[in-house]
Amino acid sequence: MSDFAPLGELFASERSIYIGGPIDRQKLWYWVAGEVGSWSLQGFSSWGIETHDGAFVGQVGVNKPNHFPEVELGYLIMPEFGGQGIAFEAAEAARAWAFETLKIETLVSYIDPKNACSVALGQRLGCVIDPDRSLPDGETTDETVVYRHRRAA
Amino acid sequence: MSLTNAPHFETERLILRGPEMRDVEAFIVFSADKTRSEGFGYIPQRDEAWRWFALNIGHWHIHGYGYLTIEDKETGNPAGICGIWNPEGWPEPEIGWVVYEGFEGKGVAYEAAIAVRAWVYAELNFTTLTSNIVPANTRSIALAERLGATFEREYENVQMGLDHLYRHPAPEALL
């Protein structure tokens, strides 16, 4: 729960517009508790990302809430740790875990096309746009593009 | 596989146990039924109700308590939920209850709440316990009073808005 305070600051700010925010502390607590619960419920969920000296720098996760048609690889990095390749490193590790340990055949990332950083990261991770796939319930093509991760041959 | 570290105990007609996957659908149906869920939190969208179900499991992992499933011994079906709730922004831990369609008017919530309250006093060493009830929820207020709780104050709940806080008798008063 030590991740909660820094996440609270991020989600209270306008910097959270592409990750579902801004949201208040109470709603965020529900969100984090939901991620904790999903580890038991589904066997996968979100990790906190720390540096080797213990600083909380963000989250990476493999998630499938009820309204997602497929399992998603998602990530968020605290603004002060951006631009260091942390999301790439964490996303690669989470993706490898999903493919190897969960034996998931394919993953998607739902990315807002206006979120240039995330689009660039999706491309760096080797994702390709999959235009025919359905979106999470209630989302439109203006706000969400499906990027597909393929298991390495 | 058990999803939580919740206890398992039985009363005359009920089993109180941790939430399991087989309970999800009954909760989703309840949440979308505005007349029944309004005082608890009306959740019309399936995915949002599913998230609440997941976050209750997380609540167990974070606090060591949360909502238990009330299982009807006779049918084996979920009859409601009863437990201890204390998310961010809550004034203090509260005991809450909800009874699903078909199980109302039979004293299910009373039987469950007596057992859950006894559990937290005995096993979690709580010295006091509250229930937060929206003023319009007269059935829940009647049950709180039947449980011996008394109105303490009015306050603004972060989720429910204007809310009434009831305080239960302390453990020693129940002996």
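Further up the page is the structure itself.
Residues numbered from 1 in each chain as written. Chains lettered and ligands numbered in written order. Predicted model: local features only at pLDDT ≥ 70, side-chain atom pairs only at ≥ 80, totals over all residues.

When its secondary structure is counted, chain A shows four helices and six strands. Secondary structure elements of chain A, listed N to C terminal, follow the sequence α-α-β-β-β-α-β-α-β-β. For chain A, whose C-alpha radius of gyration is 15 Å, the value lies close to the compact-globule estimate of 15 Å for 153 residues. Projecting the C-alpha coordinates of chain A onto the three principal axes gives extents of approximately 40 × 35 × 35 Å. The burial tally for chain A puts 31% of its 153 residues in the buried class. Intrachain contacts of chain A at a sequence separation of at least 6 include 48% that bridge at least 24 residues. (Helix = DSSP H or I, 4+ residues; strand = E, 2+ residues; numbered from the N terminus. Rg over C-alpha atoms; globule rule 2.2 N^0.38 Å. Buried ≥ 20, exposed ≤ 12 C-beta atoms within 10 Å, placed from the backbone. Contact = placed C-beta atoms within 7 Å.)

Looking now at the overall build of chain B. A tally of regular secondary structure across chain B gives five helices and eight strands. Ordering the α and β elements of chain B from the N terminus gives β-β-α-α-α-β-β-β-α-β-α-β-β. In terms of principal-axis extent, the alpha carbons of chain B reach across some 35 × 35 × 35 Å.

Across the contact, 20 residues belong to chain B and 17 residues belong to chain A. Among the residues forming the side of chain B that touches chain A, the class breakdown is nine nonpolar, seven polar and four charged. (Nonpolar A, V, L, I, M, F, W, Y, C, P; charged D, E, K, R; others polar.)

The subject of this paragraph is the pairing of strand β2 (residues 14-17) of chain B. Residue and element names in this part refer to chain B. Side chains Leu 14 and Leu 16 project from β2 onto a buried face, and the interleaved Ile 15 and Arg 17 project onto a face without burial. Where strand β1 (residues 9-10) and β2 come together, two bridges link them in antiparallel fashion. By the bridge assignment, Phe 9 is partnered in β2 with Leu 16. Remark: three residues form the turn of the hairpin made by β1 and β2, two consecutive strands paired antiparallel. Bridge analysis of β2 against strand β3 (residues 67-72) gives four bridges, and the strand direction is antiparallel. Residue pairing in the sheet places Arg 17 in a bridge with Thr 69 of β3. (Pairing = 2+ DSSP bridges.)

A separate point is unusual backbone geometry. Residue and element names in this part refer to chain A. Put simply, Gly 21 and Pro 22 share a cis peptide bond, and its omega is -10°. Position of Pro 22 relative to the elements: it lies in the loop between α1 (4-12) and α2 (25-42). Phi at Lys 103 takes a positive value of approximately 60°, unusual for a residue other than glycine. Mapped onto the elements of the fold, Lys 103 is located in the loop between α3 (86-100) and β4 (106-111).

Right, let's get into helix α1 (residues 24-31) of chain B. Residue and element names in this part refer to chain B. Those residues of α1 that fall on the buried side of the exposure criterion are Phe 27, Ile 28, Phe 30 and Ser 31. The buried residues of α1 occupy an angular sector of 160° when the element is viewed end-on, so they sit on one face. Here the buried face of α1 lies against α2 (34-37), α3 (46-63) and β5 (94-99). (Arc of directions from axis to C-beta.)

So, about the nonpolar core. Formed by 51 residues in total, the largest nonpolar core has its most connected members in Leu68(B), Ile70(B), Cys82(B), Ala109(B), Ala112(B) and Ala113(B). For this core, the leading source of residues is α3(B), giving eight residues. Ignoring sequence-local partners within four residues, the contact set of Ala109(B) consists of Gly80(B), Cys82(B), Trp97(B), Val99(B) and Leu143(B). Listed in part, the 21 residues of the second largest apolar core include Val60(A), Leu107(A), Ile111(A) and Val145(A). (Core = buried A, V, L, I, M, F, W, Y, C linked by C-beta atoms within 7 Å.)

In this section: helix α4 (residues 116-124) of chain A. All names here are of chain A. Along α4, the residues classified as buried are Ser 118, Leu 121 and Gly 122. With its buried residues spanning 105° around the axis, α4 presents them on a single face. In α4, those exposed residues whose orientation departs by more than 90 degrees from the buried face are Ala 116 and Ala 120. The elements touched by buried residues of α4 are α3, β4 and β6 (145-150). Following α4 by one or two positions, Gly 126 adopts a phi angle in the positive range, close to 85°.

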